[in-house]
Amino acid sequence: MTLTTEAPRSGRAGEAEHGKDIGRLVVSCVDGPGIVSRVSTFLLRHGANIVQSDQYSTGPAGGRFFQRVEFHLPELEARLPELERGFATEVAGPLGATFRFRAASALTRVAVFVSRYDHCLLDLLWRTRRGELPMTIVQVVSNHTDLADDVASFGVPFAHIPVTRDTKPEAEQRQLELLAGQADLVVLARYMQILSGEFLDRVGIPVINIHHSFLPAFMGAGPYQRAKERGVKLIGATAHYATEDLDEGPIIEQDVARVSHQANVAEFTRRGADIERVVLARAVRWHCEDRVLVDGRTTIVFS
Ligand SMILES: Nc1nc2c(c(=O)[nH]1)N[C@@H](CN(C=O)c1ccc(C(=O)N[C@@H](CCC(=O)O)C(=O)O)cc1)CN2
């Protein structure tokens with residue numbers, strides 16, 4: 001018998017792969033013996049059946065331990081508050097661990113920031129509408145009006161908030177007010193404005209950026225032009241968490257494609273756009289599925 005699974009064509013992502021009673025738990029703490037046992041014993045005692053578990057240690061002597069567990073538990077949604085209270089007291093407290101429980105069917109509320117390039121934004125809107133991404137795009141924010149009609153065609157709210165060097169603080173204040181309590185993640189889909197450290201602190205949710213180079217090469221503006229001038233044989237894209245240090249945040253996903261001397265910057269840009277879209281979609285999906293854990297300037301991705 002051939003087992004085939006088709007990508008969900010519509011409806012909520014997660015329902016196709018995960019029933020409504022599948023939960024997720026992510027844990028991170030200083031490494032030490034017995035952590036997996038403590039976590040699995042806790043889940044067992046609360047009636048949960050572990051269906052997937054991934055863990056990684058950066059080193060047994062004082063390193064960091066990371067774990068991602070998927071489990072089945074009847075009446076999951078109603079049981080989550082009890083699980084969180086119990087885990088905090090019985091496991092996380094003694095370990096000094098950070099943790100998070102979520103229902104696998106939960107959709108991440110995403111605000112997408114964009115300037116004029118449409119390819120990454122439209123790709124996310126299209127994949128979300130198809131149910132490929134376990135998220136809902138609650139808002140698009142742009143410093144230009146070019147993409148307003150495209151966004152409206154997907155039935156998603158569009159906010160035009162112009163930004164200049166002199167008005168950036170006021171613009172960021174408007175962005176923060178718009179997002180307050182409405183989103184769980186910000187995605188910069190080729191948004192061409194540098195977010196201030198104050199914005200990143202105050203927004204209080206993760207920010208994922210797609211940079212159009214294979215970082216750490218060609219940070220900053222105009223990477224394809226500089227890549228052509230350098231005579232590279234590979235171009236790439238990098239999805240990373242945005243920090244105050246431009247394009248230096250923890251890398252989530254990257255990919256590359258070969259180019260030859262015959263390709264000009266326009267060809268780099270055209271081929272690079274395909275890489276950017278795929279890399280960003282992969283990174284956003286993995287984030288929404290709680291597969292990405294940050295360890296300082298790096299990530300652990302249980303893909
Ligand atoms: N705090 C952060 N903000 C942003 C990041 C980041 O990593 N941390 N990534 C950038 C995206 N980006 C490259 O991927 C990038 C965007 C814009 C610029 C830039 O020089 N912008 C100028 C204005 C340009 C314009 O007005 O068109 C500026 O902000 O002064 C460099 C790199 C997104 N933001």
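Please read these numbers as outputs of a predicted model, since none were measured by experiment.

Caption draft 1: A look at the packing of helix 1 (residues 35-45) against helix 2 (residues 76-95). The interhelical angle for the contact between helix 1 and helix 2, taken along N-to-C directions, is 160°, at an axis separation of 11 Å. Put simply, helix 1 runs roughly antiparallel to helix 2. Note on packing geometry: the crossing formed by helix 1 with helix 2 is right-handed. When helix 1 is examined against helix 2, the residues I35, R38, V39, F42 and R45 are found in contact with a partner set consisting of L83, G86, F87, E90, V91, P94 and L95. Split by residue class, the contact of helix 1 with helix 2 holds eight nonpolar, one polar and three charged.

Caption draft 2: Local environment of the domain arrangement of the protein chain. Domains assigned within the protein chain are domain 1 (2-10 + 106-301) and domain 2 (19-103). If you average the C-alpha positions of domain 1 and of domain 2, the two centres end up 30 Å apart. Opposite the 11 residues of domain 1 that make contact, domain 2 presents 13 residues. Both faces considered, domain 1 and domain 2 share a buried interface measuring about 960 Å² in area, 50% of it formed by carbon and sulfur atoms.

Caption draft 3: A look at the packing of aromatic side chains. Tallied over the entire structure, the rule returns seven aromatic pairs. Their ring planes at 75° and their centres at 5.9 Å tell us that F99 and F101 sit as a pair that is edge-to-face. Judged by relative accessible area, which is 5%, F101 ranks as buried. Relative to Y191, the ring of F113 has its centre 5.3 Å away and its plane inclined at 80°; by these criteria the two rings are edge-to-face. Taken together, the residues F113 in strand 5 (residues 108-114) and Y191 in the loop between strand 8 (185-188) and helix 6 (197-203) connect sequence positions 78 residues apart. Here the two residues F113 and Y191 agree in accessibility, since each one is buried. In this arrangement the basic side chain of R190 is found over the ring face of Y117, its NZ or CZ atom lying 4.4 Å from the centre.

Rules behind the numbers
Residues numbered from 1 in each chain as written. Predicted model: local features only at pLDDT ≥ 70, side-chain atom pairs only at ≥ 80, totals over all residues. Heavy atoms only, no water. Axes fitted to C-alpha atoms, helices over the stretch in contact; angles between N-to-C directions. Helix = DSSP H or I, 4+ residues; strand = E, 2+ residues; numbered from the N terminus. Parallel < 35°, antiparallel > 145°, perpendicular 65-115°, else oblique. Left-handed = near helix turned anticlockwise from the far one by under 90°. Contact = heavy atoms within 4.5 Å. Nonpolar A, V, L, I, M, F, W, Y, C, P; charged D, E, K, R; others polar. Domains from an automatic or database assignment. Buried area = accessible area lost by both parts, 1.4 Å probe. Phe/Tyr/Trp six-rings, centres within 6.5 Å; stacked < 30°, edge-to-face > 60°. Buried < 20%, exposed > 50% of the residue type's maximum accessible area, 1.4 Å probe, protein only. Lys NZ or Arg CZ within 6 Å of the ring centre and 35° of its normal.

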